[in-house]
Amino acid sequence: MATYGANNPTLLDVAKRYNDDKLVAIAEVLNQKKGFLDDMTWLEGTDSDGMQANLRSGLPTPTWRRFNEGVQPSKTTVVAVKFTTAMMEMDSTVDVDLAAKHGDPGSFRATEDLGIIEAMEQEAVRALIYDSEATSPGHITGLQAYYNSLTSESGKNVISGGGSGSDNTSIYVVCHGPRGVHGIYPKGSKAGLEMKDLGEQLIQDATGIAGSKLLAYVTRYKWKLGLAVPDWRQAARICNIDYSALMTDSSAADLVKLLTRATLAIENPSAGRMGIYMRRDVATALDEQARASVSTGGGITYDNVDGQPIMKWRGIPIRLTDGLKIDEATVS
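Enquirer: How should the overall build of the protein be read in this particular structure?
Expert: In terms of helices and strands, the protein carries 8 helices and 13 strands. Principal-axis analysis of the C-alpha atoms gives the protein an extent of 85 × 55 × 40 Å. Scored against the burial criterion, the 332 residues of the protein give a buried share of 46%. Of the contacts made within the protein by residues no fewer than 6 positions apart, 77% connect residues no fewer than 24 positions apart. Of the accessible surface of the protein, which amounts to about 17000 Å², a share of 51% is contributed by carbon and sulfur atoms. Taking the average location of the 34 positive side-chain charges in the protein and that of its 41 negative ones, the two points are 8 Å from each other.

Set out below in structure tokens:
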């Protein structure tokens, strides 16, 4: 089902190309949760702030001909689009004396920086789903912007769970790959990742008292990233899942039926790396429904990967993504 290798690289695969241990270490932390970022394909953009792409908007019409008759000229029609990247930065500050107290300042700083990188991972996942540069200049445009209407062309891959109000959540089914959904990083960059050790600096301390300074080691982390959706048929969204109702009664939304529709909406699942993304508590409700329904035919299975049970639906890994909100507005 999945396509792997050089044509479908993860962020860690890309980082390893540069023979830079620091970049690899960052990518390993960003991928450690085995979720959206770990599955996503990452490709270099065509320029410094994103990727130009030509999307096929129409197919040519073949000609039926008889002997001595010609063939009508025809061609594919395309639309030029630009998928953009944005820049996320964060500083790590570690008290010089505190680092010295632990004997190995370098190792202590690396340990402290793990929290910074994890915070960037959580923010990236949130942005890759919810952000829109149309409403938040300087940000990226995430999946929700492409799957936020039941009546648009991409609405064919937006399945309503029947909920209303503003306490909804969603499930996403994504085929990651060059022809489907993929991450992008600026042309000429090293996976869009950068770490700069700024050494010892005097910074404002946590007390907030004016003039109170702390001597600290400062490290700046930078990540330039974006999302490209060259073919909307390669992902689907189950929206309008009434979260509060589902938490009260796990059968409030027929997740088995909805997932069946969403997975079958993917145009070409063999073209990339498939993944299903939902909240942990929503996955619990799905498991309860599947176990209670004989008609599912064992749709949910479990694989053991690195000692951890991986939940699957029809062979597609289910990734627990608690960054999915529980206060989404109704999609119409």
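Once the structure has been displayed, the description carries forward.
Enquirer: Mind showing me how you'd approach the side chain of Asp287 here?
Expert: Inspection of the secondary structure puts Asp287 in helix H8 (residues 280-292). For Asp287, the residues in contact, after removing those within four places along its chain, are Ile300, Tyr302 and Met311.

Enquirer: Looking at this structure, how should I read the packing of helix H2 (residues 21-30) against helix H5 (residues 105-130)?
Expert: Contact geometry for H2 and H5: axes closest at 9 Å, N-to-C directions at 60°. When the axes of H2 and H5 are compared, the pair comes out oblique. Helix-helix and strand crossings are classified by hand; for H2 and H5 the assignment is right-handed. For the pair formed by H2 and H5, the contact residues are Ile26, Val29 and Leu30 on the first element and Leu114, Ile117, Glu118 and Glu121 on the second.

Enquirer: In this structure, what is going on with the packing of aromatic side chains? I would like to understand it.
Expert: Note on aromatic pairs: each is described by the distance of the centres and the angle between the planes. Scanning the entire structure with this criterion turns up 2 aromatic pairs. With a centroid separation of 5.0 Å and 70° between ring planes, the pair formed by Phe36 and Tyr277 is classed as edge-to-face. Of this pair, Phe36 sits in helix H3 (residues 36-39) while Tyr277 is found in strand E10 (residues 273-278), placing the two residues 241 residues apart along the sequence. For the pair Phe36 and Tyr277, a shared accessibility class is recorded, and that class is buried. Note on Trp42 and Trp223: the rings are 5.9 Å apart at their centroids and 40° apart in plane angle, and the pair reads as tilted. Note that Trp42 is positioned in strand E1 (residues 42-44) and Trp223 in strand E8 (residues 213-228), a separation of 181 residues in sequence.

Enquirer: So what exactly am I meant to see when it comes to H5 here?
Expert: Note: α-helices contain 3.6 residues per turn, so residues at a spacing of three or four share the same orientation. The end-to-end C-alpha distance of H5 is 38 Å, a good match for the 38 Å that 26 residues give at a rise of 1.5 Å each. Remark: the principal bend of H5, roughly 25°, maps to Asp113.

Enquirer: How should I be thinking about the pairing of strand E9 (residues 235-242) in this particular structure?
Expert: Consecutive side chains of a regular strand alternate in pointing toward one face of the sheet and then the other. Of all 8 residues in E9, 7 are buried, a share of seventy percent or more. Examined bridge by bridge, strand E4 (residues 158-160) and E9 share 3 bridges and lie parallel to one another. Following the sheet pairing, Val158 is matched in E9 by Arg237. Pairing of strand E5 (residues 168-176) with E9, which is carried by 6 bridges, proceeds in the antiparallel orientation. Along E9, the bridge assignment pairs Val173 with Ala236.

Thresholds applied
- Residues numbered from 1 in each chain as written.
- Predicted model: local features only at pLDDT ≥ 70, side-chain atom pairs only at ≥ 80, totals over all residues.
- Heavy atoms only, no water.
- Helix = DSSP H or I, 4+ residues; strand = E, 2+ residues; numbered from the N terminus.
- Buried < 20%, exposed > 50% of the residue type's maximum accessible area, 1.4 Å probe, protein only.
- Contact = heavy atoms within 4.5 Å.
- Areas by Shrake-Rupley, 256 points an atom, 1.4 Å probe, with all protein chains shown as cover.
- Lys, Arg positive; Asp, Glu negative; His and termini not counted.
- Charge placed at Lys NZ, Arg CZ, Asp CG, Glu CD.
- Axes fitted to C-alpha atoms, helices over the stretch in contact; angles between N-to-C directions.
- Parallel < 35°, antiparallel > 145°, perpendicular 65-115°, else oblique.
- Left-handed = near helix turned anticlockwise from the far one by under 90°.
- Phe/Tyr/Trp six-rings, centres within 6.5 Å; stacked < 30°, edge-to-face > 60°.
- Expected span 1.5 Å × (residues − 1).
- Bend = angle between axes of the 7 residues up to and from the residue.
- Pairing = 2+ DSSP bridges.

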